[in-house]
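Observations on the three-dimensional arrangement
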Amino acid sequence: MSRQSRDVVFVDGVRTPFGKAGPKGIYAETRADDLVIRTIRELLRRNPSLPPARIDEVAIAATTQTGDQGLTIGRTAALLAGLPKSVPGFAVDRMCAGAMTAATSVAGGIAFGAYDVAIAGGVEHMGRHPMGEGVDPNPRFLSERIVDPSALVMGQTAENLHDRFPHLTRERADAFALASQQKYAKALANGKIQRDLVTVATRSAEKGWGLATADEPPRPETTLEGLAGLKTPFRPHGRVTAGNAAGLNDGATASILAAEDVARELGLPIGARLVSFAFVGVEPEVMGVGPVPATEKALAKAGLGIDDIGLFELNEAFAVQVLALLDHFGIADDDERVNPWGGAIAIGHPLASSGVRLFTQLSRHFAERPDVRYGLTAMCIGIGMGGAVIWENPNWEGTK
């Protein structure tokens, strides 16, 4: 029998404030699964017309799937969030693109007709579970030279990218990083960021009870002079610093995706319409270039060109990997279409959670920009991959 695919839409997304990983971070003594639970509950609170029993799947990503972000966290978080026991869930791991993959995976199920409504998100508590905790890379990776040794250290892969594209200098990376901080500070002052944040109750033995209400990583006092003076921890006289890269962070995201006809039936908002997506592999030692072929593949699948994209939400794991994509497509470093409210260099990058942050912010831009039809969300992925998702603006004035 033939089956016709259905249009998939991004309904809504939320996130916790992002914190700094480590003993002094806001979530130092908060469980990872509790961060996810808070986002799921907030989605349901904000969308009361969605009966919880209509949720067909919960996909939650984590890069380090152990401890309080293990145990098939999609299922356990769904139960702990109070969803009906009939709602299943699963866990996803595609490193930094975990939440992106959770969303595209359930989107495929929705398009096929297996699901009507699903929740997708991600969490990373890098303070409790540093990247690489407990892993045991097969010795063949190095003994058979399957990958360069630097491929297993993300900061070194960023230095490799600077090597490959020497015109992407540290000065350009620092300037891009400063702009990220400035754009975020302006967006915060204009009330653009706060609406997507869910307040989280925190507790520590030292400080007692508290509330996490704002992102912890941003450094609005950043200057070019200050950035120029930072050390290069991954290579002597290198170009990658703590200032032009995302930090080590804790946080969670969650979103609702649905078939468009079901979203309209339930009276749910439509923030973006899925057009295409692509994941690709690249040389692991230059994993930061991954978004380039991923974007090319997603554009080809959509029958679009880069000039059709009116807004970009690009994950800033490292400034140089964003610059590599912009340079490849002939887009200026300071193009106003790119990360209008700043990016991960300012906000933070709790690995597996970041994809849904990109989707959520793009959907908010769409609501304010009916002149824009298409937007791109893209990110590099550890061990040599890239991911890209293209969305259509449901508010595009051309449809009116």
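Not measured: the values here are computed from a predicted model.

1. Some points on a nonpolar patch on the surface
The grouping of Phe141, Leu142, Ile146, Leu152, Val153, Phe234 and Ile383 at the surface amounts to a nonpolar patch, some 540 Å² of accessible area in total. Inspection of the secondary structure puts phenylalanine 141 in helix H4 (residues 140-143). Overall, phenylalanine 141 belongs to the partly exposed group, its relative accessible area being 33%.

2. Remarks on empty space enclosed by the protein
Under the criterion given, the structure shown has two cavities of 30 Å³ or more. Here the largest cavity defines a volume of roughly 60 Å³. Along the walls of the largest cavity sit Val14, Arg15, Lys192, Ile193, Asp196, Trp341, Arg357, Thr360 and Gln361, which together make up its complete lining. Elements supplying a minimum of two residues to the lining of the largest cavity: strand S1 (8-15) and helix H12 (354-368). Take the lining of the largest cavity: its biggest share by element is three residues, from H12.

3. Some points on the packing of helix H3 (residues 98-112) against H12
In the contact formed by H3 and H12, the axes pass within 5 Å of each other and the chain directions differ by 65 degrees. Here H3 is positioned roughly perpendicular relative to H12, judged by the angle of their axes. Counted together, Ala99, Met100 and Ala103 of H3 and Gly355, Val356 and Phe359 of H12 form the full contact between these two elements. In terms of residue class, the contact of H3 with H12 is made up of five nonpolar, one polar and no charged.

4. Quick word on the layout of surface pockets
Each pocket or cavity is described by its volume, and for the largest pocket that value is around 790 Å³. Taken together, 35 residues make up the lining of the largest pocket; nearest its centre are Ala242, Ala245, Ala246, Gly247 and Leu248. Where the lining of the largest pocket is concerned, the elements lending two or more residues are helix H5 (154-164), helix H7 (224-228) and helix H11 (344-347). Within this model, the second largest pocket holds a volume of roughly 430 Å³. Taken together, 19 residues line the second largest pocket, and the ones lying closest to its centre are Met95, Gly132, Val135, Leu152 and Ile383. Looking at the lining of the second largest pocket residue by residue, the class counts come to twelve nonpolar, five polar and two charged.

5. As for the pattern of salt bridges
In a structure, side chains of opposite charge can pair up when their charged atoms sit close to one another. Under the criterion given, the structure shown has 26 salt bridges. The residue aspartate 163 makes a salt bridge to arginine 239 at a minimum N-O spacing of 2.7 Å. One end of the pair, aspartate 163, is in helix H5; the other, arginine 239, is in the loop between H7 and strand S8 (249-259), with 76 residues separating them in the sequence. According to the relative accessible area criterion, aspartate 163 is partly exposed, its value standing at 40%. Arginine 273 is the salt-bridge partner of glutamate 392, the closest N and O atoms lying 3.3 Å from each other. You can see glutamate 392 sitting in strand S12 (residues 385-392) and its partner arginine 273 sitting in strand S9 (residues 272-281), a full 119 residues away along the chain.

6. What to know about the packing of aromatic side chains
Taken as a whole, this structure holds four aromatic pairs when the rule is applied. Relative to phenylalanine 359, the ring of phenylalanine 10 has its centre 6.4 Å away and its plane inclined at 80 degrees; by these criteria the two rings are edge-to-face. Residue phenylalanine 10 is located in strand S1, and its partner phenylalanine 359 is located in helix H12; the two are separated by 349 residues in the primary sequence. Like phenylalanine 10, the residue phenylalanine 359 is buried in the burial classification. Chaining the aromatic ring pairs together yields one cluster made of Phe10, Phe359 and Trp391. The cationic tip of arginine 15 hangs over the ring face of phenylalanine 18; the distance from NZ or CZ to the ring centre is 4.6 Å.

7. Here we look at the nonpolar core
Core analysis: the biggest nonpolar cluster contains 74 residues, and Val58, Val123 and Trp391 have the highest contact counts within it. Of all the elements, H3 adds the most residues to this core, at eight residues. Not counting chain neighbours up to four residues away, the residues in contact with valine 58 comprise Ile40, Gly74, Ala78, Leu83, Val87, Pro88, Gly89, Phe90 and Ile119. The next biggest cluster of nonpolar side chains, apart from the first, holds 45 residues, and it includes Ala298, Ala319, Leu326 and Ile331.

8. Some points on helix H10 (residues 319-328)
Burial analysis of H10 places eight of its ten residues in the buried class, the great majority of the element. Buried within H10 are the following residues: Ala319, Val320, Gln321, Val322, Leu323, Ala324, Leu325 and Leu326. Turning to H10, the residues buried within the fold contact H5, helix H6 (170-189), helix H9 (291-302), strand S10 (309-314), H11 and strand S11 (374-381). Note on H10: the residue one or two positions beyond its end, glycine 330, has a positive phi of about 70 degrees.

9. Section: the UniProt feature "domain: Thiolase N-terminal" (unreviewed entry) in the chain
Under the UniProt annotation, "domain: Thiolase N-terminal" (unreviewed entry) lies at residues 8-261. Across residues 8-261, the secondary structure splits into 31% helix and 19% strand, with the terminal C-alpha atoms separated by 9 Å.

10. Describing the UniProt feature "domain: Thiolase C-terminal" (unreviewed entry) in the chain
Mapped onto this numbering, the UniProt entry gives "domain: Thiolase C-terminal" (unreviewed entry) at residues 270-392. Within the segment residues 270-392, helix and strand shares are 33% and 26% respectively, and the terminal C-alpha atoms sit 11 Å apart.

Calculation rules
Every chain is numbered on its own, with residues counted from 1 as its sequence reads. Given that this is a predicted model, residues contribute local features only at a pLDDT of at least 70 and side-chain atom pairs are listed and counted only at 80 or more, while totals for whole chains, interfaces and linings are drawn from all residues. As a rule here, side-chain values cover all heavy atoms of the structure and leave hydrogens and water aside. Patch building starts from residues that exceed 30% relative accessible area and form no salt bridge, then joins like charges within 9 Å and nonpolar side chains (Val, Leu, Ile, Met, Phe, Trp, Tyr) within 5 Å. Reported accessibility uses the Shrake-Rupley method at a 1.4 Å probe radius. Residues are deemed covered only where the shown protein chains occlude them. Each reported salt bridge corresponds to a side-chain nitrogen of Lys or Arg within 4 Å of a carboxyl oxygen of Asp or Glu. By the criteria applied, helices consist of DSSP H or I runs no shorter than four residues and strands consist of E runs no shorter than two, each listed in order from the N terminus. Remark: exposure states derive from per-residue accessible area (1.4 Å probe, protein chains only) relative to the maximum for the residue type, with buried under 20%, exposed over 50%, and partly exposed in between. A cavity, in this analysis, means grid points on a 1 Å lattice covering only the protein atoms where a 1.4 Å probe fits yet has no way out; a pocket is instead an open set bounded by protein on both sides within 12 Å along at least five of seven lines, and a residue lines either one if it has an atom within 4 Å of a point. Grid points are joined across faces, edges and corners, and a volume is the space filled by probe spheres set on the points. Fitting a line to C-alpha atoms yields each axis, with helices limited to the stretch in contact; the angle taken between N-to-C directions then spans 0 to 180 degrees. In these notes the angle categories are as follows: under 35 degrees is roughly parallel, over 145 is roughly antiparallel, 65 to 115 is roughly perpendicular, and the rest is oblique. Any two residues whose heavy atoms approach within 4.5 Å are treated as being in contact. Polarity classes work like this: nonpolar for Ala, Val, Leu, Ile, Met, Phe, Trp, Tyr, Cys and Pro, charged for Asp, Glu, Lys and Arg, and polar for all others, with Gly in that last group. Paired rings are identified among Phe, Tyr and Trp, the last through its six-membered ring, by centres lying within 6.5 Å, and are further divided according to the angle between planes into stacked (under 30 degrees), edge-to-face (over 60) and tilted (the rest). In this scheme, the term charge over a ring applies when either NZ of a lysine or CZ of an arginine sits within 6 Å of the ring centre and within 35 degrees of the ring normal. Remark: nonpolar core denotes a set of buried residues (Ala, Val, Leu, Ile, Met, Phe, Trp, Tyr, Cys) joined through side-chain atoms within 4.5 Å. UniProt positions are given in the numbering used here, feature names are shortened, and annotations may be inferred rather than shown by experiment.

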